[in-house]
Amino acid sequence: MESKRMTRRQFTGGAAKAVLAAGAIPSIAHRVAAQNPDKIRIGVVGCGGRGTGAAMDAIVSAPNVELVAMADLFPDKIEAALKRVRAAQKGGKRDFAAQYGSLQIDWDRADAVKVTPETCFSGFDAHKKILETDADLIIFGEAPGFRPRHIRAAIEAGKHVFAEKPVAVDPAGARSVFESAELAKKKGLGFMGGTQLRFSQPYGAIIGRIHEGKIGDIVAAECYWWHDYFVRWKYQERKPEWSDMEFQVRCWPHFVWLSGDHIVENLVHNIDVMNWAMGGPPKSAVALGGHINWEDWPIKGNVYDHFFVEYEYPNGAKGYASSRHIVNCAHRLGEKVMGTKGAADPFRQITGEHAYEYEGPFDNPRFIQWGKFIESIRKGSPMNCGAQVAEASMTAILGRMSAYTGRAINYEWALHQSKLDLMPPNPGFGPLPVQPLAIPGKASLV
Ligand SMILES: NC(=O)c1ccc[n+]([C@@H]2O[C@H](COP(=O)([O-])OP(=O)(O)OC[C@H]3O[C@@H](n4cnc5c(N)ncnc54)[C@H](O)[C@@H]3O)[C@@H](O)[C@H]2O)c1
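Residues numbered from 1 in each chain as written. Predicted model: local features only at pLDDT ≥ 70, side-chain atom pairs only at ≥ 80, totals over all residues. Heavy atoms only, no water.

J.: Would you explain helix α11 (residues 268-278) in this entry?
T.: Three or four residues apart is the spacing at which side chains of an α-helix point the same way, because the helix has 3.6 residues per turn. The element α11 is largely enclosed, with a buried count of eleven among its eleven residues. Restricting attention to buried positions, one finds in α11 the residues Val 268, His 269, Asn 270, Ile 271, Asp 272, Val 273, Met 274, Asn 275, Trp 276, Ala 277 and Met 278. Immediately beyond the C-terminal end of α11, within one or two residues, lies Gly 279, with a positive phi of roughly 90 degrees. (Buried < 20%, exposed > 50% of the residue type's maximum accessible area, 1.4 Å probe, protein only. Helix = DSSP H or I, 4+ residues; strand = E, 2+ residues; numbered from the N terminus.)

Next up, the structure:
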């Protein structure tokens, strides 16, 4: 029932409008380009679907933005990305979830692609080499496990950062990102995260009303991401010449050290919305989860197929977050916030004493986000959302840690005291045994 309702809304309302907006915004960017503001040069680390897509979003959302450098672990990924950005494309494929914005855009901006063979880098140090180019801003769309150290290197080198979500997969990484966000602040650098719902017009209108007290005091919130695409996401048949490392990175969602599991990789968006409504992260979490159906999963990695987390926020309100990727089950995606005077669905409406239905525009939040971010850099007061996206990532990590261990865990303890660091020492191509699936009650809390 829920699945049908959301689908109709998404495909006839938000998504359609987002696609329209996708066509409209580039022409605005072209018009403003005539005024010739400072050029912003972009480099991408992780040239897969979203890293490359984010560069295209940036170019169509603001004038005088160029893509100048690309870095990826694998040269074939750079080649494919260059092919994509050098060819005109007609958008039109709608996302399954309109609230995140279309992944497909009308694209005819090959003129903004200034990448040369000298500014393409591959290998494990590609993220460092790209920092030696004249790129002003680096987009991070690599496998999330690598992201904290890549972000730090970029900020140390004086680059603005756009980091996809999640920005970390473990507490060691989250601590590093909080430090990087601070460093960016000190250096006057921008730090934007891929939690684009923060720039969604309906979400802004409805969360704003929640903060004005329109649903009274918040007593609970819930969020969910029930789907099945993770089951085969990024699946590739293993080639005989691939090392364990190459196989795992190419199929990164299936390995906890790379993706953080789907609660961290996907549900982080919706957890971030709960944190936003609540005004900050929770104080604790207790969770459950497991992997019940391996049959449909072509890769036997070490992620769960379902999670349920109960967060407790400082005001005593509970936040219930669930994530499931099992084939042939109901789909559900979104959030709800319940208060003493009403309830809110942040993508559409408030019910209760101050009922409200969002009727404004549904422009693509990615374009709004890029437009604002680039404008802030040009104005000399770059936006820094690093702590917000690190908090969202850490909240999701906390839920996973609780589900894996079966223990109730305090947010502050996990963030400051946990020693969990999933990155293998000295990552390089070679053997890499897969850690066993966590068994609650047996996996230790570190
Ligand atoms: N904000 C959103 O709505 C949204 C949507 C889709 C994806 N994403 C995020 O974008 C990220 C990438 O997702 P994707 O779908 O583009 O994946 P992808 O597999 O298509 O791309 C990842 C790329 O990173 C490269 N890579 C991996 N490790 C690397 C390293 N150490 N150095 C350099 N390159 C490396 C891979 O080779 C690959 O080309 C994920 O974090 C995902 O959560 C966000």
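J.: Would you mind showing me how to read the sheet that holds strand β13 (residues 349-352) here?
T.: Working definition: the strands of a sheet are paired by backbone hydrogen bonds and lie parallel or antiparallel to each other. Overall, mixed pairing links the nine strands, which are arranged β14-β13-β12-β11-β7-β10-β9-β8-β15 in an open sheet. The open sheet has two edge strands with one neighbour each: β14 (356-357) and β15 (409-410). Sheet topology note: the strand β11 (residues 332-339)/strand β12 (residues 342-345) ladder contains two bridges and is antiparallel. Pairing of Met 338 across the sheet is with Ala 343, part of β12. Those strands touched by helix α13 (residues 386-405) are β8 (284-290), β9 (306-312) and β15, and its axis lies near 55 degrees from that of β8. (Pairing = 2+ DSSP bridges. Contact = heavy atoms within 4.5 Å. Axes fitted to C-alpha atoms, helices over the stretch in contact; angles between N-to-C directions.)

J.: Before we go on, may I ask you to explain the sheet that holds strand β3 (residues 120-122) in this structure?
T.: Within the open sheet, the six strands sit side by side as β3-β2-β1-β4-β5-β6. Their pairing is parallel. Edge strands, defined here as strands with exactly one partner in the open sheet, are β3 and β6 (191-193). When the angles between neighbouring strand axes are averaged without regard to direction, this sheet yields 20 degrees. Sheet topology places strand β1 (residues 40-45) next to strand β2 (residues 65-72); six bridges connect them, and they run parallel. Residue pairing in the sheet places Val 45 in a bridge with Ala 71 of β2. Against the sheet, helix α3 (residues 75-86) makes contact with β2 and β3, and its axis sits at roughly 160 degrees relative to β2, the strand it touches most.

J.: Would you take a moment to explain the nonpolar core for this structure?
T.: Nonpolar side chains in soluble globular proteins tend to end up buried together. Ranked by internal contacts, the top residues of the largest apolar core, which has 61 residues, are Ile 210, Ile 218, Ile 271, Tyr 311, Ala 321 and Val 337. Per-element tally for this core: the top contributor is α13, with eight residues. Counting residues in each nonpolar core, the second largest holds 35 residues, with Ile 42, Ala 55, Met 70 and Ile 139 among its members. (Core = buried A, V, L, I, M, F, W, Y, C linked by side-chain atoms within 4.5 Å.)

J.: Teacher, can you tell me more about α13 here?
T.: Helix length check: α13 (20 residues) gives 28 Å between terminal C-alpha atoms against 28 Å at 1.5 Å per residue, within 8%. Counted residue by residue, α13 has 18 buried out of 20 residues, so it is predominantly covered. Directly beyond the C-terminal end of α13, a positive phi value near 80 degrees is found at Gly 406. (Expected span 1.5 Å × (residues − 1).)

J.: How do you make sense of the packing of aromatic side chains when you look at a structure like this?
T.: Working definition: an aromatic ring pair is given by the centre-to-centre distance plus the angle between the planes. Tallied over the entire structure, the rule returns 22 aromatic pairs. Pairing Phe 307 with Tyr 404 gives two aromatic rings, centres 6.3 Å apart and planes at 25 degrees, and the pair type is stacked. Here the residue Phe 307 occupies a position in strand β9, and Tyr 404 occupies one in helix α13, the gap between them amounting to 97 residues. Tyr 404 shares its class with Phe 307; the two are buried. Put simply, the rings of Tyr 100, Trp 225, Tyr 229, Phe 230, Trp 233, Trp 252, Trp 294 and Trp 297 touch in pairs and so form one group of aromatic residues. (Phe/Tyr/Trp six-rings, centres within 6.5 Å; stacked < 30°, edge-to-face > 60°.)

J.: Any chance you could explain the layout of surface pockets here in plain terms?
T.: In this approach the atoms are scanned with a rolling probe the size of a water molecule, which exposes any empty space left behind. Taken as a whole, the second largest pocket spans an internal volume of roughly 620 Å³. Contributing elements (two or more residues each) for the lining of the second largest pocket: α9 (256-259) and α13. Residues belonging to the lining of the second largest pocket are distributed by class as follows: 18 nonpolar, five polar and two charged. (1 Å grid on protein atoms, 1.4 Å probe; cavity = no way out; pocket = protein on both sides within 12 Å on 5 of 7 lines; lining within 4 Å. Points joined across faces, edges and corners; volume = space filled by probe spheres on them. Nonpolar A, V, L, I, M, F, W, Y, C, P; charged D, E, K, R; others polar.)

J.: Got a minute to help me understand the pairing of β9 in this structure?
T.: Residues Phe 307, Val 309 and Tyr 311 of β9 are buried on one face, while the alternating residues His 306, Phe 308, Glu 310 and Glu 312, pointing to the opposite face, are not. Pairing analysis gives seven bridges linking β8 to β9, with the strands arranged antiparallel. When the sheet's bridge partners are listed, Val 286 is paired in β9 with Glu 310. Direction of pairing for β9 relative to strand β10 (residues 318-325): antiparallel, over a ladder of seven bridges. Residue Glu 312 lies in a different strand from β10, and its bridge partner there is Lys 318.

J.: Looking at this structure, I do not really get the domain arrangement of the chain. What am I missing?
T.: Interface extent is often summarised as the accessible area lost during association of the parts. In terms of domains, the chain is made up of domain 1 (2-197 + 366-384) and domain 2 (198-359 + 392-416). For domain 1 versus domain 2, the separation of C-alpha centres amounts to 22 Å. Contact residues are listed per partner, giving 38 residues for domain 1 and 45 residues for domain 2. Roughly 3,500 Å² is buried in total at the junction of domain 1 and domain 2, and carbon and sulfur atoms are behind 64% of that figure. Where domain 1 packs against domain 2, one counts two salt bridges. Between the two partners, domain 1 and domain 2, sit twelve residue pairs in polar contact (both at pLDDT 80 or more). Looking at the side of domain 1 that touches domain 2, the elements that each hand over two or more residues are α1 (2-33), α3, α6 (171-187) and α12 (365-378). Counting residues per element, the side of domain 1 that touches domain 2 draws most heavily on α1, at five residues. (Domains from an automatic or database assignment. Buried area = accessible area lost by both parts, 1.4 Å probe. Salt bridge = Lys/Arg side-chain N within 4 Å of Asp/Glu carboxyl O. Polar contact = N/O pair within 3.5 Å; in protein donor to acceptor, adjacent residues only side chain to side chain.)

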